[in-house]
Structures are given as structure tokens and as C-alpha cells.
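Fold and geometry: a report
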Amino acid sequence: MPEAVETQTMLCTSPVLRHFGNVSMRYGIQNKSIHSIKGTRIINGNLAHLGPKVFSYIEESVALCQPDQVHICDGSATESATLLKLMQANGTIKLLPKYENCWLANTNPSDVARVESRTFICTERQHDVVPRTLRGKSSLGNWISPKDYNNAIADRFPGCMTGRTMYVIPYSMGPIGSPLSKIGIELTDSAYVVYSMGIMTRVGSKVLELLMRENMEFVKCLHSVGTPSNGIHEMPSWPCDPARTIILHKPENNEIVSYGSGYGGNSLLGKKCFALRIGSTIAQKEGWLAEHMLILGITDRSGHKRYIAAAFPSACGKTNLAMMMPSLPGYKIECVGDDIAWMKFDETGQLRAINPENGFFGVAPGTSNETNPNAMATIFKNTIFTNVAATSDGGVYWEGMGKPPKDVQVTDWLGQPWDKVESNKPAAHPNSRFCSPASQCPTIDPAWESSAGVPISAILLGGRRPEGVPLVYQANDWTHGVFLGASMRSEATAAAEHSGKMIMHDPFAMRPFFGYNFGHYLSHWLSMGRKTTPEKLPKIFHVNWFRKNKQGKFLWPGFGDNCRVLDWVLRRCDNEPCYIESPIGLLPKKNSLNLEGLKETVDLDELFNIPKEFWLKETEAIDKYFTEQVGEDLPEEIHFELKHLRERLQLL
Ligand code: GTP
Ligand code: SPV
Ligand code: MN
């Protein structure tokens, strides 16, 4: 008997691990297969290839959820084909014969977006998750006690997978083996989730090898679409339990538990739950940043290439900017990522970023050949669409795509006949999405899978601000930049359950995604600014593509013309004196924004106007927010920035 196994068995104190020790003695070392776990049949994959930590996680979860069988995913083409067949048979997806390997899923209408009110972070002390508020509940996240966490699981999970298959998805966030990457294991009873995770993350045997060889830590992700308490699924093709949906995170154990929803950020646990919420807590401990940011590469006319990261709230333009076709001649923009960035200073003091994802889960409405031709060139093969409308010629349709082809009937996302003139509701759900492999993007950056990450020269912050906020301004320094991030606000969109056109606070575009106390997050950002020399720190900017005139029309054409703003940003990174000082930050100097060849006339005075009254009100709103929502956790430096902004505004 090999010595290593002997030792392992002797060291095992937990019954679960001891059991594994015995199993690996009997099977693993001889490289045989393990065909069952806790008496449950394994229909795909070999448990002996998983390593003791993964084994015990699956064992505990099988005991809890009691699936009929377990399928360990290998990420193979055969596996994908099997999943597709199964989902077709269940009516979860339909083939879209107009395209290549494209599918349409329609969800239960009660399961169409992230549910922030049911998303919780669990710690012993509430203060580790949310700042103490002056009155009422925090808007910066939801805390749950360990006791309630356990109860929430005990109320929902026992036996929840009976009659179903438990899939085991071993996945890497970030290029497999990169020092910046991390591993997760998602256990789920949804084939849709397995298939989507296969697009959005790197799944398969290479990850298993890493886990086995390096005995790596992993984030535990347990997901079930659930069953309503009355046992009746309203829509059998999309099982879910909206009434009891809950999304739980326990940073202490690197654990995520999600129940009741099959949609997007609620169920593809590598995305918001891992890469942002758990990710931000790991990043705080390890001294890096996990952010809701796109990453793009931009090459200017002289051939000089730089990388920019940008934080905009959900449905505020990250995918569009990341894939932009620049209207300025001689510029090239390439995409590293469209939603999430993990960033760390390297040994030379340069901030470097990776995109932890492997695909795009992008907003469909508004995507067209005019607005985002690169997305259009990406999404019509190997894609799963969710909640878009279908056309009678086997294609898809959504608002902002242009006119549906002549003589083609449109069926809306709810399965009803739809007519542009007569139907007074949208054909596609406003939060409908495409899920496509990133490698298909024609402008994917050559370094998008670089193990070391790409060097970041500038960080943009922004949101939908119909009023008062200029197209672009630069932060005076890192601390001022952190203040700008802390004060970000944006018009509400359909990406969360909120609706209406309220201007909401969304600091760093992270409000729904903080894994820990926002005040501590700000301190962490400030401390990052001390990790390198001021010259090496990325410059920080605030942008707003969404300012409107009195008639409600956008003042700026946006999309491909946003490269004009990026051009100014790059010139500022080169320290070109193309700016003027203003109370809110550095604005483009007159004629310094390159408007060469711009198709429409733009009212620059209105676009860059800084109305004193508006800004005084804005500082009041920020002050109120900081006082009521962040309180004593607000770092002193941020307090001072607000005070100085007010003083500067008085001089306007
Ligand atoms: P999430 O995936 O939810 O995080 O969203 P996102 O930030 O990637 O947003 P996305 O790029 O998908 O854009 C959302 C909506 O904003 C789409 O309807 C776009 O058409 C619109 N949009 C994006 N960029 C611009 C712009 O420059 N100007 C205007 N007016 N609209 C834009
Ligand atoms: C977002 O809401 O910011 C998204 C979509 O990117 S989801 O994955 O559903 O969170
Ligand atoms: Mn997002």
C-alpha cells in the first residue's frame, strides 16, 4: 500500500475524510472508478479524480439534497450535446435554426433578474457586512446571522434534488493555472446552469487536475432551482421557487448557497456571487481588487497600446464600451472582459487585471449592428438566449435591433404573438440576455487570457446621469477618485428587481455586489493607492454617456463616439495639459476633445456645463447618503473630499 495513502488515512479525524481515505485506498490510487457516493449513483465522471476536499463537499451535499444521481462535468462536447438534448426534451430551450448552435430559453416570468432583496452575506458580526445605519435598513447589502443562514438552508435544501440529477461543475475563474485565478465547484440541479457555466467559465478536467495535483482551495457553490412549497411547478420547463428564493454567501467558509432561481446572477454562481461578493472578501484579505468592471485594450494612432478598466452599474454600457468600434480613424479597441475585473499590483508596482470570466452574459435589448456590431458578430453561434423574442424564421428579436424582417411573425418572450404597432409591451424582456463564448468576439484582445493580466493605465467610473453630470472629468488624485467611486449614482435599470427612473446611489457600481462593509471597502481602495508610486497609479475618471437636453434627447451620440473620450483619457495618462480645473475635477480644455468627423453636432456647452445649484444638491444627497448609510465607517479622507468639493463649489 502506498505510504501517502496510509498517512492520509491516519491523519483523518473527520468521519467524512476517513471515509474518503478508505475509498482512495481501495480505488483512487489504483486509479479505479468510484461509482457511487452515499449510495447515489454517479453517471458521469470519476470521483477518485476529485481530491478529498471536493469529495467531502459533494458527499455532504448529496446527503443534504438527495439527488437521484450525480454527474461530474468534464466540459466535453458530448456532455454539451447531452445537456442540449435533455433541455430540449424538457422544453427549457428551443433550437434557433436561423443560426449555428443557438438556443432560446424562456424563463418563468417570476424569475427574470437578480433578486437583491433575497441576497445575503453571513458573518458572526453584522458590522463586518454592512455599516451601521442612522435609521432603517442598510441599502449596501443584507446581513444574515449564522443561525438564520443555517435555518434558511435547513428550510429549503433537504431532499430538494430528489428526482433530479446533481451536476458537479469544477470551474476556474480566470485562465486555468494563472496566479490570479481561483477555482470553484458548483453543484446544481439545473442543466441550463451547467450549459451556461460551460460558456461563462472554464469547466472541465484541467480544473480537476489542478484540484487534485495542487490540492487547491476552492469556493463551494451549491445551487438548486427548488420546488414551491405546494409542490406545483407553474412552468415545468423552468422550475423555480420565486417565493422562497434566497442567495447566501459565507465568506468565512468561501461558500455560496443559492435556492429558487435559475436566472443569471442568481444561479451562475461564478459570476456575481463568487467573482464579486466572495471575490471582494478574498481580495480584501489578499490585497487586491475584485470589481464590477469591463477591461479593454486601446491602441492609439501612434500604435501605443494601453488598457482601461471601467465600472458602470448593471445595464449602463460595460459590454458596449468593451466591444466598441471606434469612430475615430486609426484607433483600435480590443476586449478583455465586459463585466468583471480582478486587479492586483505586480512586483513592479503596476496594476494588472484579468477577466475571471470566459463568456459574455450580455443585455440583448439595444444590441444592434449600429450600436454594437462586435456583439452582433459574437452572439449568433454557440449562444443561449434567455427571454428574448422569437421570429417565425427561426431567429431572435428584441427592442433596438431594428425592424423585424418583412413577412416574419414575432413571438414575444412570454410566448404571445407580438406586433410592433399593436402590442404595447416589449417583445423581449428588458433584462433578456445572450450568453456567448468570449473567444467568438472578433475584437477579443490577444492578451485576454494572459496569465499575468494586462496593465491598467486608467479606471473609468460612470452611470446614467440624465442631468448635471458632464461627459467626462478626471479625479484630482487617487483619493479624489475613490471619493468619486463612493459618490456614484445612476438611473435605475431593469437589471435588478427595481424599476422606475430613480437616481440611485451605486458606489463603484458595486452596491449589489459588496461582500463586506462598504466603509471598509473604501479603506481598502485607499490603501491600494499606497501600494505604488503616484506616477504608477492608474488615473481615475468619471464619464457619463447619458446626459439629456430639455427635450429628453441624449446630448452625446455615445457608442463608437465614446472613443473620443477615451482618446482624451489617454492623453491625460500621457500628462498632456489638455485640461482645465473645475470644482468637480479636471475637465477637457476647450477644443481638446477630438470631434473630428463627428456625424452630429453636439452642444458642448450643455454637455460640460456644471450647474452650481445641481451640484450643491448633489453634495447634499451624497452627504445624506454617507451620513445615513456609511456613518462612522466612512474613511476620514472621503469625508474631507466631500468637504473640499463643497468649498470649491461655493466659488463657482
Ligand atoms: P450588465 O451586463 O447588466 O452589467 O450591463 P452593461 O453595463 O454591460 O450594459 P450594456 O453595455 O449591455 O448596455 C446596456 C444598455 O445601455 C443597452 O441598451 C445599450 O444600448 C445602452 N448603451 C450602452 N452604451 C451606450 C451609450 O454610449 N449611449 C447610450 N445612449 N446608450 C448606451
Ligand atoms: C448585472 O446585473 O450586472 C449582470 C447580469 O451582469 S447578472 O449576471 O444577472 O448579474
Ligand atoms: Mn454586470
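Preceding this section is the structure that the text describes.
Below you will find a few notes about this structure. Since this is a predicted model, take the numbers as computed values, not measurements. (Residues numbered from 1 in each chain as written. Chains lettered and ligands numbered in written order. Predicted model: local features only at pLDDT ≥ 70, side-chain atom pairs only at ≥ 80, totals over all residues. Heavy atoms only, no water.)

A closer look at the site of ligand 2
Put simply, the rule is: Near residues are defined by distance, with any heavy atom within 4 Å of the molecule or strand qualifying the residue. Polar contacts, as counted here, are pairs of nitrogen or oxygen atoms within 3.5 Å of one another; within protein the pair requires one atom able to donate a hydrogen and one able to accept it, and residues that are adjacent in sequence qualify only if both atoms are side-chain atoms. Using the Shrake-Rupley algorithm and a 1.4 Å probe, accessible areas are obtained, with residue cover drawn only from the displayed protein chains. Every helix listed is a DSSP run of H or I at least four residues long, and every strand listed is a run of E at least two residues long, numbered separately from the N terminus.
With respect to spatial proximity, twelve residues lie near ligand 2, and among them R114, G265, K271, K272 and S314 are the closest. Contacts to ligand 2 include G265, whose backbone N or O atom sits 2.9 Å from an oxygen atom. A distance of 2.5 Å separates an oxygen atom of ligand 2 from a polar atom in the side chain of K272. Notes on ligand 2: free accessible area 290 Å², of which the protein chains cover 98%. The set of elements that each furnish at least two residues to the shell around ligand 2 consists of α8 (264-267) and α9 (270-286).

Examining the layout of surface pockets
Basically, it comes down to this: Grid points spaced at 1 Å and placed over the protein atoms alone form the basis of the search, with a cavity being a set where a 1.4 Å probe fits but cannot get out and a pocket an open set showing protein on both sides within 12 Å along at least five of seven lines. Lining residues have an atom within 4 Å of a point. Grid points are joined across faces, edges and corners, and a volume is the space filled by probe spheres set on the points. Think of it as three bins: nonpolar holds Ala, Val, Leu, Ile, Met, Phe, Trp, Tyr, Cys and Pro, charged holds Asp, Glu, Lys and Arg, and polar takes everything else, Gly as well.
Estimates place the volume of the second largest pocket at around 490 Å³. Forming the boundary of the second largest pocket are 27 residues, of which S138, S139, L140, M504 and R511 lie nearest the centre. Listing elements by their share of the lining of the second largest pocket, those giving two or more residues are β6 (119-122), β30 (503-505) and α16 (612-630). Here the lining of the second largest pocket is composed, by residue class, of ten nonpolar, nine polar and eight charged.

Observations concerning the site of ligand 1
Near ligand 1 lie 21 residues; those nearest to it are A315, K318, T319, N320 and R433. Protein burial of ligand 1: of its 660 Å² of free accessible surface, 91% is covered by the chains. Residues belonging to the shell around ligand 1 are distributed by class as follows: nine nonpolar, eight polar and four charged.

Here we look at empty space enclosed by the protein
Summed over the entire model, instances satisfying the criterion amount to three cavities of 30 Å³ or more. The volume enclosed by the second largest cavity comes to roughly 140 Å³. Y473, L484, S487, W615 and E618 are the residues nearest the centre of the second largest cavity, which is lined by 15 residues in total. Mapped onto the lining of the second largest cavity, the elements with two or more residues apiece are α12 (478-486) and α16.

A word on the sheet that holds strand β26 (residues 433-437)
Heads up, the rule is: For two strands to be treated as a pair, DSSP must find no fewer than two bridges joining them. Axis definition: a line fitted to C-alpha atoms, limited for helices to the stretch in contact. Angles are taken between N-to-C directions and run from 0 to 180 degrees. Here, two residues are considered to be in contact whenever any of their heavy atoms come within 4.5 Å of each other.
The strand order β4-β5-β21-β26-β20 describes an open sheet built from five strands, whose pairing is mixed. Edge strands, defined here as strands with exactly one partner in the open sheet, are β4 (93-95) and β20 (359-363). Pairwise comparison of adjacent strand axes, ignoring direction, gives a mean angle of 20° for this sheet. Sheet analysis places strand β21 (residues 381-386) next to β26, joined by three bridges and oriented antiparallel. Pairing of F385 across the sheet is with F434, part of β26. Against the sheet, helix α4 (residues 77-89) touches β4 and β5 (100-105), its axis set at about 105° to β4.

Overview of the coordination of the manganese ion (ligand 3)
Here is the rule: Shown as donors are all N, O and S atoms within 2.8 Å of a metal ion, widened to 3.2 Å for Na, K and Ca; because water is not in the atom set, sites may appear incomplete. Under the classification used here, a metal with four donors is tetrahedral if each angle lies between 85 and 135 degrees, square planar if opposite donors are over 155 degrees apart and the others between 65 and 115, a six-donor metal meeting that same test is octahedral, and anything else is irregular.
The coordination sphere of the manganese ion (ligand 3) contains the protein donors K272 (NZ), H292 (NE2) and D339 (OD), at a distance range of 2.1 to 2.4 Å. Given six donor atoms and angles of 65 to 177° at the metal, the environment of the manganese ion (ligand 3) is assigned as irregular.

Quick look at α16
Here is the rule we go by: To estimate how far a helix should reach, multiply one less than its number of residues by 1.5 Å. To sort residues, take the accessible area from a 1.4 Å probe on protein chains only and compare it with the maximum for the residue type: under 20% means buried, over 50% means exposed, and anything in between is partly exposed.
For α16, built from 19 residues, the straight-helix expectation of 27 Å at 1.5 Å per residue is met to within 8% by its first-to-last C-alpha distance of 26 Å. Taken residue by residue, α16 has F614, W615, L616, E618, T619, A621, I622, Y625, F626, E628, Q629 and V630 as its buried positions. Contacts made by the buried residues of α16 are with β28 (472-474), α12, β29 (489-491), β30, α13 (518-528) and α17 (636-650).

Overview of the pattern of salt bridges
Going by this rule: By convention in these notes, a salt bridge is any Lys or Arg side-chain nitrogen within 4 Å of a carboxyl oxygen on Asp or Glu.
What the rule picks out here adds up to 30 salt bridges. With a closest N to O distance of 3.1 Å, D339 and K272 form a salt bridge. Linking D339 in the loop between β17 (332-337) and β18 (341-345) with K272 in helix α9, this pair joins segments that are 67 residues apart in sequence. The pair formed by D339 and K272 is uniform in burial state, with each residue classed as buried. A salt bridge links E576 to R571, with the nearest nitrogen and oxygen atoms 3.1 Å apart. Looking at E576, the relative accessible area reads 31%, which means it is partly exposed. Of the residues examined, R571 reaches a relative accessible area of 17% and is grouped as buried. Look at the salt bridges and you will find they share partners, linking K271, K272, K318, D339 and E357 into a network.

Let's talk about unusual backbone geometry
Look at N387: it is not a glycine, yet its phi comes out positive at around 65°. Take N387: it is sitting in the loop between β21 and β22 (389-391). Here N387 falls in the buried class, since its relative accessible area comes to 0%. Of note in this structure, F508 is not a glycine but carries a positive phi near 55°. One can find F508 in the loop between β30 and α13. The class for F508 is buried, based on a relative accessible area of 1%.

Section: the sheet that holds strand β25 (residues 417-418)
Adjacent strands of a sheet form backbone hydrogen bonds with each other and so pair up, either parallel or antiparallel. Spatially, the four strands line up as an open sheet ordered β23-β22-β24-β25, and their pairing is antiparallel. Two strands bound the open sheet, and with one partner strand each, they are β23 (396-397) and β25. Two elements, β22 and strand β24 (residues 410-411), share two bridges in a ladder whose sense is antiparallel. Residue pairing in the sheet places T391 in a bridge with V410 of β24.

Quick word on the packing of α4 against helix α6 (residues 191-200)
Quick reminder of the rule: In this scheme the crossing of two helices becomes right-handed for a clockwise turn of the near helix relative to the far one and left-handed for an anticlockwise turn of less than a right angle.
The contact between α4 and α6 brings their axes to 10 Å, and the two run at 145°. Note on packing geometry: the crossing formed by α4 with α6 is left-handed. Listed contacts from α6 to S80, L83, L84, L86 and M87 of α4 are A191, Y192, V194 and Y195. Its residues assigned to classes, the contact of α4 with α6 shows eight nonpolar, one polar and no charged.

Concerning the environment of H520
Locating H520 in the fold gives a position in helix α13. For the pair H520 and V129, spaced 391 residues apart in sequence, the C-alpha separation works out to 9.3 Å. Setting aside residues up to four positions removed in sequence, H520 forms contacts with H127, Q284 and D633.

Quick look at α4
Just so we agree on the cut-off: Directions drawn from the helix axis to the C-beta atoms are what define this arc.
Look at α4: 18 Å from first C-alpha to last across 13 residues, which is about the 18 Å you get at 1.5 Å a residue. Along α4, the residues that are buried comprise E79, L83, L84 and M87. Looking straight down α4, one finds that the buried residues subtend no more than 135° of arc, so they occupy a single side. Opposite the packed face of α4, turned more than 90 degrees from it, sit the exposed residues A77, T78, K85 and A89. At its buried positions, α4 is contacted by β2 (40-44), β3 (69-72), β4, β5, β8 (165-173) and α6. Where α4 ends, the next residue or the one after it, G91, has phi of about 80°, a positive value.

With respect to the pairing of β2
Summarising the sheet, strand β1 (residues 36-37) and β2 pair through two bridges and their orientation is antiparallel. Bridge pairing links I37 to T40 in β2. Hairpin connection of β1 to β2: two residues between the antiparallel strands, including K38 at a positive phi of 50°. Both β2 and β3 contribute to a ladder of three bridges, which runs parallel. In the strand pairing of β3, R41 is matched with Q69.

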